[in-house]
Amino acid sequence: MQHIGIIDYGMGNLTSVYNAFTALGCRVKILGTPHDIGDVSHLVLPGVGAFADGIKNLHAGDWIAPMNAAVLKKGVTFLGGSLWGCSCWQRAAQNMAGTMAWDGFLTKCGDSQPWCR
């Protein structure tokens, strides 16, 4: 069963994100520490308008290495709202300090991609 973990890094609108996934019938939990990642199949990092503060909080909470391990080693699907959607991908964030720099790319959603609807 798919299990969505929403990262609580002290920023972002956790309640709205949680409620949205719950309304869709998803199994969801808010992750208070990196150790809570456990067996989630999907990680969600709620958006924030203050990138520098967000990165600072992720580092202070020791989230970076466990997020990298989940995505890169375990194949956990990642959804980042707002700036996070761009900042974690190597080709989209080559000059942004503090990113995860995962190998991959971003694509604009549109009518030609049915998964974006």
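For clarity, every value in this text was computed on a predicted model and none was experimentally measured.

A. Structural view of unusual backbone geometry. The backbone of D62 sits at a positive phi, close to 60 degrees, despite the residue not being glycine. If you trace the backbone, D62 turns up in the loop between helix 2 (51-60) and helix 3 (64-73).

B. Structural view of helix 1 (residues 14-23). Residues of helix 1 that are buried include every one of L14, V17 and F21, and no others. Buried residues in helix 1, looked at end-on, bunch into an arc of 75 degrees, giving them a common side. Exposed residues on helix 1 whose side chains face more than 90 degrees from its buried face are T15 and A23. Summarising the contacts, the buried residues of helix 1 are in contact with strand 1 (4-7), strand 2 (28-31), strand 3 (42-45) and strand 4 (77-80). Backbone geometry just after helix 1 places G25 at a positive phi near 85 degrees.

C. Summary view of helix 3. Of all the residues in helix 3, the buried ones are I64, M67, N68, A70 and V71. Looking straight down helix 3, one finds that the buried residues subtend no more than 165 degrees of arc, so they occupy a single side. Projecting away from the buried face of helix 3 at angles above 90 degrees are the exposed residues A65 and K73. Downstream of helix 3 by one or two residues, G75 has phi in the positive range, about 75 degrees.

D. Here's a closer look at the environment of K56. Counting through the fold element by element, K56 comes out in helix 2. Once the C-alpha coordinates of K56 and Y9 are considered, the two residues, 47 residues apart in sequence, prove to be 9.5 Å apart.

E. Layout of the sheet that holds strand 4. Judged by pairing direction, the sheet is parallel, and its 4 strands sit side by side in the order 2-1-3-4 without closing on themselves. Where the open sheet ends on each side, the last strands, each with one partner, are strand 2 and strand 4. The sheet shows a mean angle of 25 degrees between the axes of neighbouring strands, taken without regard to direction. Where helix 1 meets the sheet, its contacts fall on strand 1, strand 2, strand 3 and strand 4, and the angle it forms with strand 1 comes to roughly 170 degrees. Docked against the sheet, helix 3 engages strand 1, strand 3 and strand 4, running at close to 140 degrees with respect to strand 3.

F. Up close: the nonpolar core. Within the largest apolar cluster, 18 residues are counted, with the highest numbers of intra-cluster contacts made by I7, Y9, L43, L58, W63 and M67. Breaking this core down by element, the ones donating at least two residues are strand 3, helix 2 and helix 3. Residues in contact with W63, not counting those within four places in the same chain, are I7, D8, Y9, L31, G32, T33, P34, I37, N57 and L58.

G. Examining the pairing of strand 3 more closely. As judged from the 3 bridges shared by strand 1 and strand 3, these two strands associate in the parallel manner. When the sheet's bridge partners are listed, I6 is paired in strand 3 with V44. Taken together, the 4 bridges between strand 3 and strand 4 define a ladder with parallel strand orientation. The residue of strand 4 that forms the bridge with V44 is L79.

H. View of the side chain of H3. Structurally, H3 is set in the segment before strand 1. Sequence-distant contacts of H3, defined by excluding residues within four places in its chain, comprise R27, V28, K29, D39, V40, S41 and H42.

Definitions and cut-offs
- Sequence order as written defines the numbering, with residues in each chain counted from 1.
- Residue-level local features of this predicted model are given only where pLDDT is at least 70; pairs of side-chain atoms are given and counted only at 80 or more, and the full residue set underlies all totals for whole chains, interfaces and linings.
- Derived side-chain values reflect all non-hydrogen atoms in the structure, with water molecules and hydrogen atoms excluded from consideration.
- The secondary structure listing takes helices from DSSP runs of H or I that are at least 4 residues long and strands from runs of E that are at least 2 residues long, numbered from the N terminus.
- We call a residue buried when its accessible area falls under 20% of the maximum for its residue type, exposed when it is over 50%, and partly exposed in between, using a 1.4 Å probe and counting protein chains only.
- It is the directions from the helix axis to the C-beta atoms whose arc is reported.
- Note on contacts: a residue pair is in contact if any heavy atoms of the two residues lie within 4.5 Å.
- In this description, strands pair whenever DSSP reports at least two bridges between them.
- Simply put, an axis is a line fit to the C-alpha atoms, just over the touching stretch for a helix, and the angle between two N-to-C directions goes from 0 to 180 degrees.
- Buried Ala, Val, Leu, Ile, Met, Phe, Trp, Tyr and Cys residues that are joined via side-chain atoms within 4.5 Å together make up what is termed a nonpolar core.

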